[in-house]
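Here is what each chain is made of, one letter per residue.
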Amino acid sequence: MARAERFVEADNAEAIITRIEHKSRKIESLLKQYKPVEALKTALEGTYAMTGDERCKSAHWIAVHRALMAIKDVDGMLSSLDPEYYDILMKYLYRGLATGDRPTCDQCLRIHEKLTEKAGLGCILRFLTDTVNTV
Amino acid sequence: MAVTAVHQLAQCITCHAWSADRSMVALCPNNSEVHIYRLVEDKWEKMHVLQKHDQLISGIDWSARSNKIVTASHDRNSYVWNLEGSEWVPTLVILRLNRAALCVQWSPKENKFAVGSGAKTVCICYYEQENNWWVSKLIRKRHDSSVTSVSWHPDNILVASTSTDGKCRIFSTFIKGVDAKDPKKESRFGELIVQLDLSPSWTFGVKWSPSGNTLAYVGHNSVIYFVDDVGPSPLAQNVVFRDLPLRDVLFVSEKMVIGVGYDCIPMVFAADERGIWSFIRYLGERKAVSSGSRYGSQFSEAFGKFYGQAKQGVSNDASETSRTRGVVHENCINSIIPLSRQGTQIRRFSTSGLDGKLVMWDLETEQDLLELLVH
């Protein structure tokens, strides 16, 4: 039951990168079918099991970023997203805000406001204090 | 309403403790003194002022049977106060610390007390009859950072401690001559029984359930951790909640915990028949604003600036009512103490906070919670 169990040691960086590429292709096809919410869910799934070095984190971020930028209906997306993904989404939002790129930041801010309303300040706190599982 | 009384006793209360009959309360008003108040008719009268410490008193505990008060302070000392006649007489306990003492608690049998300190140690003090003084034994091992809270297991031997290194540790404090030897549990003083590494952030407020089977503590990441069957293979659960972190918890029964913290309203957590813990509700109304931000005016201003950066202006409620924080406490609640016990259940408890208020709560009026308690 403990959160720590979800942090599974992945095999090696190459295997992780392959898995992320596979996920990216799935995300692309979902976006082509105008299903941005599904794409984001796919992007966020299994993130903990795939943490590795900086390369893996970058690859993962690119996939999540692609899905995030395609979201138009933020409220709809949040209402259909599983609450267990709130914390990981918050972490990616802050990573997006850290890029400083105008369109990314705009989108992330928009989602951040709604997510904070839904998930509360505790979600932000969990991002701030979690130095182990960074994205 | 669950609140039975609200008393403004100081500008800011660091910690408090009740006498055995609950007629007197000892508290530290954020300075180096302990004020003891007695409720005379309807007014609080300051009966004693205990002045011996040089710096902030971080912990007070009042033993029920032996009527002794133990205080721990940032001046690295601890005093045990005995009531002789009408005066409280202090006895210095040399803790041998080189950093502040942060928390203190009497053991269930009241023959020992534990002090957590910023020196990354836990001191276990016991009374030596021959020399008529309190001896301190240090548990030096293992802590990587300040010990924020300590709690005794009902068996008077095990102590759980939380620390700012994010871990909760359980030690044995078996002392030859003070504790009876238990053939089932062979343990040495200072032996680490279990180390729980569940939180990435500071941990506070550890407490044992009445039977000693379950442990609860809070992390600064707005999570509360419950550990069942503490031992070689513990069962841990973490309950994530949406608001600001907690500072202290209290087991009102084997299956219900009240948490208090930066949100200024107590939160109730309970375990269902399967043993799964979850957040039930707040104790008392939380004024929810209609739309937009739920938080106080300061927050909405900050959020307004934050979100105002976005190209598409987001609508934030400008007309924010001032206080959507706690109804009763106006600032962080930092301790929760039981007031009355019915068997192993606690129906009444008190909380004190940084706003200087001492609030008494009674669960008798909360029907839905009483039903959960009965199970």
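The structure presented is a predicted model; accordingly, all values stated were derived computationally and were not measured.

1. Quick word on the overall build of chain A
Consideration 1: The helix and strand tally for chain A stands at seven helices and zero strands.
Consideration 2: Counting from the amino terminus, chain A carries its helices and strands in the arrangement α-α-α-α-α-α-α.
Consideration 3: Among the 135 residues that make up chain A, the fraction classed as buried is 47%.
Consideration 4: By sequence separation, contacts in chain A at least 24 residues apart represent 72% of the contacts at least 6 residues apart.
Consideration 5: Element-wise, carbon and sulfur atoms account for 56% of the exposed surface of chain A, whose accessible area totals about 6,500 Å².

2. Comments concerning the pairing of strand β15 (residues 158–163) of chain B
Residues and elements named next belong to chain B.
Consideration 1: Burial analysis of β15 places six of its six residues in the buried class, the great majority of the element.
Consideration 2: The alternating pattern of β15 places L158, A160 and T162 on one face and V159, S161 and S163 on the opposite face, and all of these are buried.
Consideration 3: Joining the antiparallel neighbours strand β14 (residues 147–152) and β15 is a turn of five residues, in which N156 adopts a positive phi near 70°.
Consideration 4: In this structure, β15 lies alongside strand β16 (residues 168–172), joined through five bridges in antiparallel fashion. Residue pairing for β16: A160 is matched across the bridge by I170.
Consideration 5: The turn joining β15 and β16, which pair antiparallel and follow one another in sequence, is formed by four residues; a positive phi near 90° is taken by G166.

3. Quick look at the sheet that holds strand β26 (residues 333–342) of chain B
Residues and elements named next belong to chain B.
Consideration 1: Within the open sheet, the four strands sit side by side as β1-β28-β27-β26. Their pairing is antiparallel. The open sheet terminates on both sides in strands that have one partner only, identified here as β1 (3–8) and β26. Put simply, the sheet's adjacent strands are angled 15° from each other on average, direction ignored.
Consideration 2: The pairing of strand β27 (residues 345–353) with strand β28 (residues 357–362) spans five bridges and is classified as antiparallel. Following the sheet pairing, F349 is matched in β28 by W361.

4. Topic: the state of the cysteines
Consideration 1: All chains considered together, the criterion is met by zero disulfides over all chains.
Consideration 2: Take C12 of chain B: it sits in no disulfide, and the sulfur closest to it among the cysteines is that of C28 of chain B, at 8.4 Å.

5. Focus: helix α2 (residues 36–44) of chain A
Residues and elements named next belong to chain A.
Consideration 1: Where α2 is concerned, the buried positions are A39, L40, T42, A43 and L44.
Consideration 2: On its buried face, α2 is in contact with α1 (13–32), α3 (54–69), α4 (74–80) and α5 (86–99).
Consideration 3: Note on α2: the residue one or two positions beyond its end, G46, has a positive phi of about 65°.

6. Regarding the sheet that holds strand β3 (residues 24–28) of chain B
Residue and element names in this part refer to chain B.
Consideration 1: With antiparallel pairing, four strands are arranged side by side in an open sheet as β2-β3-β4-β5. A single partner strand is all that each edge strand has here, and the edge strands are β2 (15–18) and β5 (43–51). Taken pair by pair, the neighbouring strands of this sheet meet at an average axis angle of 25°, ignoring direction.
Consideration 2: Direction of pairing for strand β4 (residues 33–40) relative to β5: antiparallel, over a ladder of eight bridges.

7. A word on the UniProt feature "repeat: WD" (unreviewed entry) in chain B
All names here are of chain B.
Consideration 1: When the UniProt feature table is mapped onto this chain, "repeat: WD" (unreviewed entry) is found at residues 50–91 and 140–172.
Consideration 2: Helix makes up 0% of residues 50–91 and strand 62%, with an end-to-end C-alpha separation of 12 Å.
Consideration 3: Annotated as residues 140–172, this span is 0% helix and 52% strand, and its ends, taken at the C-alpha atoms, are 13 Å apart.

8. Section: unusual backbone geometry
Residues and elements named next belong to chain B.
Consideration 1: Phi at E110 is positive, roughly 60°, even though this residue is not glycine.
Consideration 2: Looking at the secondary structure, you find E110 in the loop between β10 (101–106) and β11 (112–117).
Consideration 3: If you check the backbone angles, N156 has positive phi at about 70° while not being a glycine.
Consideration 4: Here N156 lies in the loop between β14 and β15.
Consideration 5: For N156, a relative accessible area of 1% puts it in the buried group.

The rules behind these values
Residues numbered from 1 in each chain as written. Chains lettered and ligands numbered in written order. Predicted model: local features only at pLDDT ≥ 70, side-chain atom pairs only at ≥ 80, totals over all residues. Heavy atoms only, no water. Helix = DSSP H or I, 4+ residues; strand = E, 2+ residues; numbered from the N terminus. Buried < 20%, exposed > 50% of the residue type's maximum accessible area, 1.4 Å probe, protein only. Contact = heavy atoms within 4.5 Å. Areas by Shrake-Rupley, 256 points an atom, 1.4 Å probe, with all protein chains shown as cover. Pairing = 2+ DSSP bridges. Axes fitted to C-alpha atoms, helices over the stretch in contact; angles between N-to-C directions. Disulfide = S-S within 2.5 Å. UniProt positions renumbered as here; feature names shortened; annotations may be inferred.

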